[in-house]
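Here is how the chains run, residue by residue.
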Amino acid sequence: MSNAILLAPGPVQLHPEVQKILAQPMIHHRTPEFDAILKRVLQDLKFLFQTTQPVFMHTSTGSGGMESLLVNLLSPNDEVLAIVSGKFGERWADMAALYGAKVHRLDVTWGEAVNPDVVQQYLDQHPQTRLVLCQATETSTATAHNIEALGKIISKTSALFLVDGITATGAYNIPMDTWHIDGLVAGSQKAVMLPTGLSFVCLSEKAWKVAQTAPLPRFYFDLRKEYKANQNGETLFSSSVPLIKALDFVLTRIQEVGLQRHFLQLRRRADFTRELARQMNLQLFSKSPSDSVTALCVPEGIDGAKLRTHLEQKYQVTVMGGQDQLKGKILRIGHMGYIRDEDMVETMTRLAQALQDFQFNIDPQQIKVASENWLKSHTV
Ligand SMILES: *Cc1c(COP(=O)(O)O)cnc(C)c1O
């Protein structure tokens, strides 16, 4: 069997140059060499977030970034509207409740995007709402929410709009400033194409006013102190030198390619996966599919958990299954990270082989040819 392929919606495959950078000898974070890298990275992150505000790095996973936004902006008993359309929405709602917020869950059917009119109505009826929480893409269901429409609505109120962009920022267009996002979080092992270990957060001016005096205790995630440290050319605590060096490469490369063209590369992978799924007679799960991950329904009569394991063990392709109510029902194929055309052809071909092993009526050779032809006729 040929190469192993990792097309999970995080962690993602690494660019060969990133792998080389990560293997370099350690340097100290207080050196002129690292100072220059940190300065450049903090500048380039604004480009990635499409903002004029400072973007901060935490040495944490994405969930740490979600927590950072909350501890910097919440007051106990704040009314919070949490849009919950899957596992990550649940996580953020639970976190806010743990920190003493009065959380109102707006439950959305898994696989569907929230209706902005419903959010508008809720805010009209609850003008005391302080925060609105939403995923840009709810990764557990591969569903994109309409962040632009929500931002327009929330910007007219006194509430802050916090967006979990962990599978969006760096994957598709989500301009923080023009879409009126007040707090945005990104994560390294997803759309930022690095290993796990960094999260990125940014606050709008409206959010900064709240963050200056918000009363929750915060130590590691205190963005006021992080801001001062960054102004002095440092991070608040020890910098993750290897990851930040690799980030420097990724951000420089995205700038060379161009942000919008970089997004088109992911759109192309998503389009490819959707079109090949159609040819394989596999339904899409989400009614609002994201460009960062695609969820395919496992055909009736096949156990999706067994299919996923079989695909990994026999064909060396790692994709993700579903969680909770979607366990065994979907396969999630990631479009983020370093992905070559041959990885996409091989993934669909080997998926067809795995399905055939489960008595599904499919011709893997035909899928291989269709995959190659589609990619040849759709270049970016
Ligand atoms: C992966 C993910 C997270 C959690 O990130 P960790 O790095 O595992 O803490 C949060 N939100 C979304 C939308 C994600 O995809």
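Summarised in this report is the structure supplied together with it. (Residues numbered from 1 in each chain as written. Predicted model: local features only at pLDDT ≥ 70, side-chain atom pairs only at ≥ 80, totals over all residues. Heavy atoms only, no water.)

Some points on the packing of aromatic side chains
To describe a pair of aromatic rings, one takes the distance between the centres and the angle between the planes. This model, assessed by the stated rule, comprises six aromatic pairs. Between Tyr-220 and Phe-237 the ring centres are 4.9 Å apart and the planes differ by 5 degrees, which places this aromatic pair in the stacked class. Placement of Tyr-220 in the loop between helix H7 (205-213) and helix H8 (223-231) and of Phe-237 in the loop between H8 and helix H9 (241-257) is noted, with a sequence separation of 17 residues between them. For Phe-237, a relative accessible area of 31% translates into the label partly exposed. (Phe/Tyr/Trp six-rings, centres within 6.5 Å; stacked < 30°, edge-to-face > 60°. Helix = DSSP H or I, 4+ residues; strand = E, 2+ residues; numbered from the N terminus. Buried < 20%, exposed > 50% of the residue type's maximum accessible area, 1.4 Å probe, protein only.)

Describing the environment of Thr-141
Among the structural elements, Thr-141 can be located in the loop between strand E6 (137-138) and strand E7 (143-144). Separated by 54 residues in the primary sequence, Thr-141 and Lys-87 place their C-alpha atoms 8.4 Å from one another. Residues in contact with Thr-141, not counting those within four places in the same chain, are Ser-85, Trp-110, Gly-111, Phe-285, Ser-286, Ala-295 and Leu-326. (Contact = heavy atoms within 4.5 Å.)

Details of the site of the ligand
Residues in contact with the ligand amount to 13 residues; listed here are only the nearest, Thr-61, Ser-63, Thr-139, Asp-164 and Lys-190. Measuring from an oxygen atom of the ligand, one finds a side-chain N or O atom of Thr-61 at 2.6 Å. Between Gln-189 and the ligand, the recorded distance is 2.8 Å, taken from a side-chain N or O atom to an oxygen atom. Listed by contribution, the elements that provide at least two residues to the shell around the ligand are helix H3 (62-73) and helix H4 (87-98). (Near = heavy atom within 4 Å. Polar contact = N/O pair within 3.5 Å; in protein donor to acceptor, adjacent residues only side chain to side chain.)

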